[in-house]
Structures are given as C-alpha cells and as structure tokens.
Amino acid sequence: MAANNAPLSVRGLTKKYPAFELRDVTFDLVPGAITGFIGRNGAGKTTTLNSLLGFIRPDGGEVSFFGLDMKTSAEAIKQRIGFVSAGMTYYTGKKLKTITDVTRAFYPGWDDGTYRKYMSQFGLDEGKTPAALSNGMKIKYALALALSHGADLMLLDEPTSGLDPVSREELIEIFLSLRDAGKTILFSTHITSDLDKCADRILFLQKGQLTADMELENFRTQYLLAEIQGELPENVKALTKGVCRVRDGYTALIQADDAKAAGIPCRAATLDEIMVHLDKEEAAQ
C-alpha cells in the first residue's frame, strides 16, 4: 500500500455497529480534484471520515495519506491534511488570536503570511470570539487555520450545512479556488446542489457500501428521468432504477441507454434526483 501516493487511499474499510455496518469501502482520491462524498443521512459518511482520521477505530481495512500509513505516520500525515466540519466547536469565549496561537504550536510548517492572507481574504477579525461569528465565518476560520499549516488535502464534513445560500456560494467559490491552487478536497455533504457547482468526482455511499466512484459528469449521464402523469406504464416499471411520487403522478429514474432504446421520453436528472431515486430503489429491495 505504501507504493500508492494518492492524497488518500482507502482499502477494505469496515466498521460494524449493532444496527449498521460500513462494508469494504475502497477508493483513491484524485490529486487536485474535488470529490463529493454523498449518501443519505445514516449511510455512513461520517463513520467513514471518523475512521479515516482515527476518531473511531475501524474493524478492518487500510488507510494511507500520500503513501504514508495512518497507523504508523499519523503525526506526519496531520501536518498535510486539514479537517473542517460544520460541527466543529471552539472555546466560545476565547478570542480567535488566542485559539490561533494554540493551534500554531502544533504545526512546525505554520506560515504566518498565509494565515494573514486568508484572515484578510475571509474578512475575519482576530479580536472576535467564536461566539460572535456566524456559522459561515466559523467554517472560514477553520479553513484559514488548516491552510496556514500547508494542508494539501482538505476533508470537509458537511461544511455548508445550515448556511444561507449566499454563504454557501461564497464557500463553494473558496473550494474552487483551493482546487485551482492544487489542493485536493473530499467534500461530504447531503446538499448535492453544492456539488453540482464544484465537484469533479463522486463517491456514493448507500447503507454502508460504496456503490459509485466516478467522474460527476459520467455519473449524471448514466441516467435520465421520466416524468409520468397518472399510473406508471409497464415498460417504464420494467426499466426503472427508482420511483418517486409527485403531485400528478411519478418520476422514474432509468438508465440512459435503456430509456433511449425503449423510446421513453425523458429529461436530464439532477444529482439530487439521482441520489433520491437510487435510494428509493435500494430501500425497496
């Protein structure tokens, strides 16, 4: 495994709980790309991220960052990765300057020039406390800290969750600028419209199992959506990969080649529509 120098390489990751199991998750991140990590709540996204970072101990599998084994090179790896989560908390009464001073001590590669640049770019005031920051500003502060120690890989867990559309758009532009600078990003989210705007690749997790790992455009063009008024015709039922009820009838997800061969009128499906319909199909099995 050490020969694989991907920013993140995962082989056979498993974690078993009484009511849930993460099963044989295997993937490599492409350098300099934004990879969207999608799946409904409870699919195992956070369990996967927590296992990668050592917050929980997986039952099996191997994880390496930049060719380094997480089990033996955790400290070296932490110097090169940044983790940002919507659920991150800081001492709410401490000023950002104090939090930064503590963080700086853990990273020999800390660059004050980079830190000042991002604090200015993100409009952050060191004299404020986390309690005075909006959720979007807290995410920007976490990004500033991670980027200031030279992180090449950013692991983002629901970073846009709970943000207003303007704040989400600002963060997406930041993620794109980081990608343009050569950073690699794993972006876990259930807000798939954000990924439509920025992701290069998709990892799709269903019930603890990875069911898709490919370029976003290839994932989307695999499927088409039929909009049916009234009852579903038999030829549509036979081909569907998931059905959702709508006000005047149904929408049915169909493999693009099958829909074209059968002459079924369809339109392009959004990433959100694909995920919802495939989950419907998985739940029905």
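Residues numbered from 1 in each chain as written. Predicted model: local features only at pLDDT ≥ 70, side-chain atom pairs only at ≥ 80, totals over all residues. Heavy atoms only, no water.

From N to C terminus, the chain includes 11 helices and 14 strands. Taken over the C-alpha trace, the chain has a radius of gyration of 21 Å; the compact-globule value for 285 residues is 19 Å, and the two agree within 12%. Taken along its principal axes, the extent of the C-alpha atoms in the chain is 65 × 40 × 35 Å. Within the chain, the proportion of its 285 residues that are buried is 48%. Nonlocal contacts in the chain, meaning residues at least 24 apart in sequence, comprise 68% of its contacts between residues at least 6 apart. As displayed, the chain offers around 13,600 Å² of accessible surface, 49% of which is attributable to carbon and sulfur atoms. Measuring between centres, the 33 positive side-chain charges of the chain sit 5 Å from its 37 negative side-chain charges. (Helix = DSSP H or I, 4+ residues; strand = E, 2+ residues; numbered from the N terminus. Rg over C-alpha atoms; globule rule 2.2 N^0.38 Å. Buried < 20%, exposed > 50% of the residue type's maximum accessible area, 1.4 Å probe, protein only. Contact = heavy atoms within 4.5 Å. Areas by Shrake-Rupley, 256 points an atom, 1.4 Å probe, with all protein chains shown as cover. Lys, Arg positive; Asp, Glu negative; His and termini not counted. Charge placed at Lys NZ, Arg CZ, Asp CG, Glu CD.)

This next bit is on the nonpolar core. Leu143, Met154 and Phe219 are the most contacted members of the largest nonpolar core, which has 48 residues in total. Per element, the largest residue contribution to this core is nine residues, and it comes from helix 5 (residues 135-148). A domain-level breakdown of this core finds at least three residues from each of domain 1 (9-218) and domain 2 (222-284). For Leu143, the residues in contact, after removing those within four places along its chain, are Val84, Phe122, Met154, Leu156, Leu171, Ile174 and Phe175. If you look at the next biggest cluster of nonpolar residues, it comprises 24 residues, including Leu13, Phe65, Phe66 and Leu210. (Core = buried A, V, L, I, M, F, W, Y, C linked by side-chain atoms within 4.5 Å. Domains from an automatic or database assignment.)

Take the environment of Leu178 next. Mapped onto the elements, Leu178 comes out in helix 6 (residues 165-180). The class for Leu178 is buried, based on a relative accessible area of 2%.

Let's shift gears to the pairing of strand 1 (residues 9-17). Pairing geometry for strand 1 and strand 2 (residues 20-28), over six bridges, is antiparallel. Across the sheet, Ser9 pairs through a bridge with Asp28, a residue of strand 2. As paired strands, strand 1 and strand 4 (residues 60-65) are joined by four bridges and run antiparallel to one another. Following the sheet pairing, Arg11 is matched in strand 4 by Glu62. (Pairing = 2+ DSSP bridges.)

An order of 12-13-11-14 is seen for the four strands of this open sheet, with the pairing classed as antiparallel. This sheet does not close on itself; its edge strands, each paired only once, are strand 12 (240-246) and strand 14 (267-268). Across seven bridges, the pairing between strand 11 (residues 223-229) and strand 13 (residues 249-255) is antiparallel. Residue Leu224 lies in a different strand from strand 13, and its bridge partner there is Ile254.

Right, let's get into the packing of aromatic side chains. Following the criterion strictly, the structure yields seven aromatic pairs and no others. On the basis of an interplanar angle of 70° and a centroid distance of 5.7 Å, the ring pair of Phe55 and Phe83 is categorised as edge-to-face. Taken as a pair, Phe55 in the loop between helix 1 (45-52) and strand 4 and Phe83 in strand 6 (residues 81-85) lie far apart in primary sequence, 28 residues in all. Phe83 sits in the partly exposed class, given a relative accessible area of 23%. (Phe/Tyr/Trp six-rings, centres within 6.5 Å; stacked < 30°, edge-to-face > 60°.)

For the rest of this paragraph, the subject is the pattern of salt bridges. One pass over the structure, following the stated rule, counts 19 salt bridges. Between Asp112 and Arg104 there is a salt bridge, with the nearest N and O atoms lying 3.0 Å from each other. By relative accessible area, which is 22% here, Arg104 ends up partly exposed. (Salt bridge = Lys/Arg side-chain N within 4 Å of Asp/Glu carboxyl O.)

Strand order in this open sheet of four strands is 2-1-4-5, and the pairing throughout is antiparallel. Either end of the sheet is taken by a strand with one partner, and the two such strands are strand 2 and strand 5 (68-69).

The next thing to look at is the domain arrangement of the chain. Assigned domains of the chain: these are domain 1 (9-218) and domain 2 (222-284). On a C-alpha basis, the centroid separation for the pair domain 1 and domain 2 is 33 Å. Counting residues at the interface gives 13 residues for domain 1, matched by eight residues for domain 2. Summing the contributions of domain 1 and of domain 2, the shared interface buries around 1,000 Å²; its carbon and sulfur component is 60%. The tally of links between domain 1 and domain 2 comes to zero salt bridges. When residues of the side of domain 1 that touches domain 2 are traced back to their parent elements, those giving at least two are helix 7 (192-198), strand 9 (201-206) and helix 8 (216-221). (Buried area = accessible area lost by both parts, 1.4 Å probe.)

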